[in-house]
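# Coordinate analysis (summary)
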Amino acid sequence: MHRYQLIIEYVGTGFKGWQIQRKNITVQGTIQKTISKVIHEKIKLYGSGRTDTNVHATAQSAHFDTINEIKKLKKFLNSLNYFLNKKNISILSVKKKPLCFHARFLAKKRIYKYIIYNRDSLPSINRNRGWHVKKKLDLGLIKKASRILEGTHDYSTFRASNCSAVSAIKKIDYVKVTKKGTEIKIIFQSKSFLKQQVRSMVGSLKYVGEKKWPISRFKKIFKSKKRILCAPPAPGDGLYLEKVIY
């Protein structure tokens, strides 16, 4: 048995997320089918984590096993990209790994980035690559509220109702908020996240930036652990899985 790691870039628009589904087109399903076709062997692809509908990735990590060794990795990479590039998926690298490597279970940190375009006009070049918010956002307030999210907490407020995680307690290493022109970036680092956690946190930070919620209310809602009090989650097309650290 031979194990290989892929680093994958994809545009999530048009996909029903990462995870394989019987009746929908997903990123995992598309790549898995393509690999099987290229090497003439049925394989199963394991990702470092699931991304939701319309969510993108600049460096998703995944692995698969084969019975036969893939000796020409560059040729294999080019063959995959020949089929996948047409579907807005790119395989950035292929590396042989020991059988003890696991894309999901050995991941030490995951970094997600959320992009907001805070301007009057709808983005054209970056359409479906960020959240268009017309109302002017107060960056200072967003930064203050984001610091409340850092550390070890119960994130039940930001957890999807169908989340399958055993515990809502997670540790967020940092939340970094920056702005360049009309583009606001919010970067989160943690070992793992709950389903819809990042999008729900961004939706709530937007409420603070719009001054719909004072920071005191944001903090109270966070500590309440009640999902029903959370702001609507930010749309998926502004979210990127940026990096997985091993």
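Just above sits the structure.
Okay, so let's go over this structure.

Calculation rules
- Residues numbered from 1 in each chain as written.
- Predicted model: local features only at pLDDT ≥ 70, side-chain atom pairs only at ≥ 80, totals over all residues.
- Heavy atoms only, no water.
- Salt bridge = Lys/Arg side-chain N within 4 Å of Asp/Glu carboxyl O.
- Helix = DSSP H or I, 4+ residues; strand = E, 2+ residues; numbered from the N terminus.
- Buried < 20%, exposed > 50% of the residue type's maximum accessible area, 1.4 Å probe, protein only.
- Polar contact = N/O pair within 3.5 Å; in protein donor to acceptor, adjacent residues only side chain to side chain.
- Contact = heavy atoms within 4.5 Å.
- Phe/Tyr/Trp six-rings, centres within 6.5 Å; stacked < 30°, edge-to-face > 60°.
- Core = buried A, V, L, I, M, F, W, Y, C linked by side-chain atoms within 4.5 Å.
- Arc of directions from axis to C-beta.
- Expected span 1.5 Å × (residues − 1).
- Patch = residues over 30% accessible without salt bridge, like charges linked within 9 Å, V, L, I, M, F, W, Y side chains within 5 Å.
- Areas by Shrake-Rupley, 256 points an atom, 1.4 Å probe, with all protein chains shown as cover.
- Lys, Arg positive; Asp, Glu negative; His and termini not counted.
- Charge placed at Lys NZ, Arg CZ, Asp CG, Glu CD.
- 1 Å grid on protein atoms, 1.4 Å probe; cavity = no way out; pocket = protein on both sides within 12 Å on 5 of 7 lines; lining within 4 Å.
- Points joined across faces, edges and corners; volume = space filled by probe spheres on them.
- Nonpolar A, V, L, I, M, F, W, Y, C, P; charged D, E, K, R; others polar.

## Observations concerning the pattern of salt bridges
Enumeration according to the criterion identifies nine salt bridges in this entry. The shortest N-O distance in the salt bridge between Arg199 and Asp52 comes to 3.2 Å. One end of the pair, Arg199, is in helix H4 (residues 197-209); the other, Asp52, is in the loop between strand E2 (46-47) and strand E3 (56-66), with 147 residues separating them in the sequence. Take Arg199: its relative accessible area is 13%, and that puts it in the buried class. Here Asp52 falls in the partly exposed class, since its relative accessible area comes to 21%. Here Asp138 ties to Lys211 by a salt bridge, and the two come within 3.9 Å at their closest N and O atoms. One end of the pair, Asp138, is in the loop between strand E6 (131-133) and helix H3 (139-149); the other, Lys211, is in the loop between H4 and helix H5 (215-224), with 73 residues separating them in the sequence.

## Digging into the side chain of Thr51
Tracing the backbone through its elements, the reader meets Thr51 in the loop between E2 and E3. When its relative accessible area of 5% is taken as the criterion, Thr51 is described as buried. A distance of 2.7 Å separates a polar atom in the side chain of Thr51 from a polar atom in the side chain of Tyr10. Look past the residues within four positions of Thr51 in its chain and what remains in contact with it is Tyr10, Gly17, Trp18, Tyr112 and Leu241.

## Remarks on the packing of aromatic side chains
Enumeration according to the criterion identifies 10 aromatic pairs in this entry. Relative to Trp213, the ring of Tyr207 lies with its centre 5.0 Å away and its plane at 85 degrees, an arrangement referred to as edge-to-face. With relative accessibility at 6%, the residue Trp213 sits in the buried group. One aromatic cluster is present, formed by Tyr4, Phe64 and Phe76 through successive ring pairs.

## A short note on the nonpolar core
Note on soluble globular proteins: their nonpolar side chains tend to be buried together. Formed by 63 residues in total, the largest nonpolar core has its most connected members in Ile31, Ile186 and Phe188. Looking at which element gives the most residues to this core, the answer is H4, with six residues. Ignoring anything within four residues of it in the chain, the contact list for Ile31 reads Leu6, Ile8, Trp18, Leu45, Leu84 and Ile89.

## Here we look at H5
Taken as a whole, H5 has its buried residues at Phe218, Ile221 and Phe222. The buried side chains of H5 occupy one side of the element, clustering within an arc of 100 degrees when seen end-on. Away from its buried face by more than 90 degrees, H5 exposes Ser216 and Lys220. In this fold, the buried residues of H5 make contact with H3, strand E7 (151-154) and H4. Lys225 occupies a position one or two residues after H5 and carries a positive phi of about 65 degrees.

## Details of the side chain of Ser48
Its location among the elements puts Ser48 in the loop between E2 and E3. Non-local contacts of Ser48, meaning those with residues more than four positions away in its chain, are made with Gln60, Ser61, Ala103, Arg104, Arg110, Leu241, Val244 and Tyr246.

## Overview of H4
The α-helix winds at 3.6 residues per turn, so residues separated by three or four positions along the chain end up facing the same way. With 13 residues, H4 should reach 18 Å at 1.5 Å per residue; the first-to-last C-alpha distance of 18 Å fits that figure. With 13 of 13 residues buried, H4 is to be regarded as a mostly interior element. Immediately downstream of H4, the backbone of Lys211 shows phi near 70 degrees, a positive value.

## Quick word on a positive patch on the surface
Together, Lys33, Lys37, Lys86 and Lys87 make up a positively charged patch on the protein surface. Tracing the backbone shows Lys87 in the loop between helix H2 (73-84) and strand E4 (89-97).

## Considerations on the layout of surface pockets
Estimated volume of the largest pocket: approximately 1,200 Å³. Forming the boundary of the largest pocket are 42 residues, of which Gly49, Arg50, Arg104, Phe193 and Lys195 lie nearest the centre. Sorting the residues of the lining of the largest pocket by element identifies E2, strand E5 (109-118), strand E8 (169-180) and H4 as the ones contributing at least two each. Of the residues in the lining of the largest pocket, the class split is 16 nonpolar, 16 polar and 10 charged. Taken as a whole, the second largest pocket spans an internal volume of roughly 300 Å³. If you trace the second largest pocket, you find 13 residues lining it, with Ile25, Thr26, Gly29, Thr30 and Lys33 closest to the centre. Top contributing element to the lining of the second largest pocket by residue count: helix H1 (residues 27-39), with six residues.

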